[in-house]
Amino acid sequence: MTVTEPTHSAPFGPTPGADLPSQYVPAQVEGPLYERWVERGYFTAGRSAAADRPPFSIVIPPPNVTGSLHLGHAFEHTLMDALTRRRRMQGYDALWLPGMDHAGIATQNVVERELAREGLSRHDLGREKFVERVWQWKAESGGRILGQMRRLGDGVDWSRERFTMDPGLSRAVQTIFERLYDDGLIYRAERIINWCPRCLTALSDIEVEHSEDDGELVSIRYGDGDASVVVATTRAETMLGDTAVAVHPDDERYRHLLGLDLELPLTGRRIPIVADDHVDPAFGTGAVKVTPAHDPNDFEIGRRHDLPSLTVLDERGVVTAPGPFEGLDRFEARPAVVQALREEGRIVAEKRPYPHAVGHCQRCGSTVEPRLSLQWFVRVESLAKAAGDAVRDGRVRIHPPELESRYFAWVDDMHDWCISRQLWWGHRIPVWYGPGGETVCVGPDEQPPAGEGWRQDPDVLDTWFSSGLWPFSTLGWPDDTPDLRRFYPTSVLVTGYDILFFWVARMMLFGLYAMDGVQPFDVVALHGMVRDKHGRKMSKSFGNAVDPLDWMDAYGSDALRFTVARGANPGTDVPIGEEWVQGSRNFCNKLWNAARFALLNGATTAEPLPPAAELSTVDRWLLSRLSALVADVDASYEDFEFAKAAEALYHFTWDDFCDWYVELAKVPLAAGGEPARHTRLVLGHVLDTVLRLLHPVIPFVTERLWTALTGGESLVIAAWPEPEAGRRDLAAETDFAALRDVVTEVRRFRSDQGLRPSQRVAAGLAGLDAAGLAGQEPLVRSLTRLEDPADGFAPTASLAVRGASVELDLSGTIDVGAERARLTKDLGAARKELQTATAKLGNADFFAKAPEPVVAKVRVRLAAAEADILRISAQLEALPSS
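Residues numbered from 1 in each chain as written. Predicted model: local features only at pLDDT ≥ 70, side-chain atom pairs only at ≥ 80, totals over all residues. Heavy atoms only, no water.

Asker: What is the right way to look at the pairing of strand β1 (residues 55–59) in this model?
Answerer: Remember that side chains alternate between the two faces of the sheet whenever the strand is regular. Counting buried residues in β1 gives four out of five residues, a clear majority hidden from the surface. In this structure, β1 lies alongside strand β2 (residues 93–97), joined through five bridges in parallel fashion. Bridge pairing in β2 links Val 59 to Leu 97. Regarding the hand of the β-α-β motif, the stretch spanning β1, helix α2 (residues 71–89) and β2 is right-handed. (Buried < 20%, exposed > 50% of the residue type's maximum accessible area, 1.4 Å probe, protein only. Helix = DSSP H or I, 4+ residues; strand = E, 2+ residues; numbered from the N terminus. Pairing = 2+ DSSP bridges. Right-handed = clockwise from strand over helix to strand, strands pointing away.)

This is the structure in structure tokens:
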């Protein structure tokens, strides 16, 4: 695929070979580079020059307008940016569409807190003025994360930025609501929902966070004598709303009570005992209290048995049941009810503390109350079936595939979705009620009914309702727009497995419904959660939360990006620590220094590479490894194996290129002539290719280096490398392995003899041809600091490796006496360690009492001591006599 690169009147980067600063300072490079990329329209999709390119599209999971960049964003955005940048370089018309979510509860809470500081509430302003105030807050303070996305280097198409409350997306919300309503897929009914007594609104499941809290479990006797049952509850105050006791129909213990009534303590009411299959006879006493208005399972039992639903807590969690507890908060009423039951002799048992799962409002932390409420719902049965079928028939691929089962577990057992929220900020439900009980749903192009007595439903839609339309509403739906035709379905959705149900499933429901069975995305690429280096969840309460901007300030955006990419294995959590970001900063510096060396020594991309037959073994080895690298990186990207791609790039760049080839290149460069010219061409070609491969993950440093090397306009629009046919050279790789082995062993031997790395020593080399190193003696000597022997050469130490022999004259290079004393001391320590480990392993009591891991460690110490004794003894024998 050929990339048609846009042209501009002025070159984008420095001229080829321009000097680079001795150090890379990210803060001086990143901001100006990003602004130039945006100004030149590199991230803008659908330009005329792109008309004949295949489309590629990703929509960003819209961050909350109240949010700021956290490590999870940095991780997810790095992956999306890498995919998009690579596709753009491959010649695709690539669209990464940005935007924000209006975040109903979160945003309303932020503005209400502002009002509270002014001594006001939203009710003081009224609905219309309050919504105006929220829009004002958005204009002044919202969307901070968008600027932080620029810091990270997000290559998004800012010309298509969307907001879930903008006019186009609001029109899409009204349109799909009306269609679902007309098709009988939206209805209004009384159901049990999650309710926040602080925020005074219904909550979706994702807005409820569960934790293990200490509470109490109280067992209460209803009735007397043989006509009595014992039930247990963690919410004693709700017994005021009980309308039955349920037992399993096959439970012989209670068969004689079925159909009878019991007196409900404290209330004077009588309630029936009913038989229901929902009850587990093996759990507790096998009898459960039934409170249909305050428990979802009890509500279903109540429906099956036509039980009344008595609401005994109001929207603020205050008791409304007539009697002595009326007006008490739920947490005040709970001990009061228990005390009253205790005084009547109704308490059978009390267990405190009793840890149990408690739901809390994600925004304010209040304990969530299950509550019977009149709300709007989506009837999901047919929609959920379609969402399951799209994955089963292959239209949508979930990656990694082992997470498909989690998806099916949700969509195959999905309950009707409560979509109404008792807020003022959000998409208001487009339904009007008339004075005669009329109900009218109004679409975006229709006028609401006028006249006295008509009123609009006061509730707004769940934020997930509008974000569920994101893949197609952002492209212009319900209109038939060019963007919708070109970029829908989107190519891939990159998101966390934690919102597989809450967001992914909802987009599937709506996308398949609105787009006539066409899926919203072809692939769902799921990633894990970012955790600290110990694998713990990052949280302010744990003291391990990190602001990614701090790390970006300290080490550069590329360092953070490379760190998270190296940990990005599909569907698994990603541990991260600051020292790992420091390591990635070191990698960027290593790349910078290698590029400076190449440029200072005339590396160039101005000429094609010579034929392989004219190149040295080392050149052919590196080009062979490069060809394999391109293939490996491509395969990893296609399978969303970001960690594998980053790891392959890291080791090729650091090990093969910087540590080996750059050092080896110094020999032909010093020699001059054709070998030097070939080395400059290989240096330029390999560096060019590596920078292209690295660019999607570390765009800033690679851009600066690539433009300096090639004089090209920008890596953003440069072509992606392809494996070069015929460049794989296994013979060269085998020959180089011999060179590497000999050099490594000689370096180790030098170290063992106490020589400094820079210290030059006279040495004789023999048998290099037999070792596969014909003609490589200059390279071996250069890399191992070995000089040609002079007349009178008298070797005092020798080494054999791969059939080659190395003889060294160490006389005068080391203080033999001091070295002998050091080695003798080390040998004594090794023998003492051997003696200690042997004694422990020979002690029967130690074996009987020590855990197996401890015994294993002692065995390792024993083996290490034996190896040290052999090594040090050999070094002592190799020392020249003093």
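Asker: For this particular structure, what's the right way to read the packing of aromatic side chains?
Answerer: How two aromatic rings sit relative to each other is given by the distance of their centres and the angle of their planes. All told, the structure shown has 31 aromatic pairs when counted by the stated rule. Between the aromatic rings of Trp 37 and Phe 700, the centroid separation amounts to 5.3 Å while the plane-to-plane angle is 20°, which identifies the pairing as stacked. Linking Trp 37 in helix α1 (residues 26–39) with Phe 700 in helix α22 (residues 699–710), this pair joins segments that are 663 residues apart in sequence. What makes Trp 37 buried here is its relative accessible area of 0%. On the numbers, 6.1 Å between centres and 40° between planes, the contact of Trp 417 with Phe 465 is tilted. Here Phe 465 lies in helix α12 (residues 463–467) and Trp 417 lies in strand β16 (residues 417–418), a separation of 48 residues in the sequence. For the pair Trp 417 and Phe 465, a shared accessibility class is recorded, and that class is buried. (Phe/Tyr/Trp six-rings, centres within 6.5 Å; stacked < 30°, edge-to-face > 60°.)

Asker: I tried to follow the environment of His 527 on my own but got confused; where do I start?
Answerer: Tracing the backbone through its elements, the reader meets His 527 in strand β23 (residues 521–527). On the accessibility criterion, His 527 (7% relative accessible area) is buried. Put simply, His 527 and Phe 640 are 113 residues apart on the chain and 9.5 Å apart in space, counted from C-alpha to C-alpha. Once residues within four sequence positions are removed from consideration, His 527 is found in contact with Phe 75, Glu 76, Leu 79, Val 494, Thr 495, Gly 496, Tyr 497, Gly 571 and Thr 572. A distance of 3.4 Å separates a polar atom in the side chain of His 527 from the backbone nitrogen of Gly 496. (Contact = heavy atoms within 4.5 Å. Polar contact = N/O pair within 3.5 Å; in protein donor to acceptor, adjacent residues only side chain to side chain.)

Asker: Looking at this structure, how should I read helix α7 (residues 167–182)?
Answerer: Helical geometry: 3.6 residues make up each α-helical turn, so side chains three or four residues apart lie on a common side. The end-to-end C-alpha distance of α7, which contains 16 residues, comes to 23 Å, matching closely the 22 Å that a straight helix rising 1.5 Å per residue would cover. Among all positions of α7, only Leu 169, Ser 170, Ala 172, Val 173, Thr 175, Ile 176, Phe 177, Glu 178 and Leu 180 are buried. In the stretch just after α7, Gly 184 is the one whose phi turns positive, near 75°. (Expected span 1.5 Å × (residues − 1).)

Asker: Hey, could you run me through the nonpolar core in this one?
Answerer: The nonpolar side chains of a soluble globular protein tend to be buried with one another. Judged by nonpolar contacts, the single largest core of 217 residues is most densely connected at Phe 177, Phe 465, Phe 472 and Phe 657. Tallying contributions element by element places helix α20 (residues 642–671) first for this core, with 14 residues. Not counting the four nearest positions on each side in its chain, Phe 465 is found in contact with Val 173, Ile 176, Phe 177, Leu 180, Ile 186, Val 378, Trp 417, Ile 419 and Phe 510. Ala 236, Tyr 254, Leu 262 and Val 338 belong to the second largest nonpolar core, which has 28 residues in total. (Core = buried A, V, L, I, M, F, W, Y, C linked by side-chain atoms within 4.5 Å.)

Asker: How do you make sense of the packing of helix α23 (residues 730–752) against helix α24 (residues 777–784) when you look at a structure like this?
Answerer: Helices that pack against each other are described as a pair by the angle of their axes relative to one another and the distance between those axes. As a packed pair, α23 and α24 sit with axes 10 Å apart at the nearest point and diverge in direction by 35°. As for how α23 packs across α24, the hand of that crossing is right-handed. Contacts between α23 and α24 involve Leu 739, Val 742, Val 743, Val 746, Arg 747 and Arg 750 on the former and, on the latter, Leu 779, Val 780, Leu 783 and Thr 784. For the contact of α23 with α24, the residue count by class is seven nonpolar, one polar and two charged. (Axes fitted to C-alpha atoms, helices over the stretch in contact; angles between N-to-C directions. Left-handed = near helix turned anticlockwise from the far one by under 90°. Nonpolar A, V, L, I, M, F, W, Y, C, P; charged D, E, K, R; others polar.)

Asker: Would you explain the sheet that holds strand β19 (residues 439–441) in this entry?
Answerer: Backbone-to-backbone hydrogen bonds join strands into a sheet, with any given pair of strands oriented parallel or antiparallel. Strand order in this open sheet of three strands is β19-β18-β20, and the pairing throughout is antiparallel. One side of each edge strand has no neighbouring strand; the edge strands of this open sheet are β19 and β20 (455–456). In terms of strand pairing, strand β18 (residues 431–433) meets β20 through two bridges, oriented antiparallel. Following the sheet pairing, Trp 432 is matched in β20 by Gln 456.

Asker: So what exactly am I meant to see when it comes to the sheet that holds strand β14 (residues 369–378) here?
Answerer: Pairing is antiparallel in the open sheet, where four strands are placed in the order β6-β5-β14-β16. Where the open sheet ends on each side, the last strands, each with one partner, are β6 (201–203) and β16. Strand direction decides the pairing type here: β14 and β16, joined by two bridges, are antiparallel. Bridging across to β16, Phe 377 finds its partner in Cys 418.

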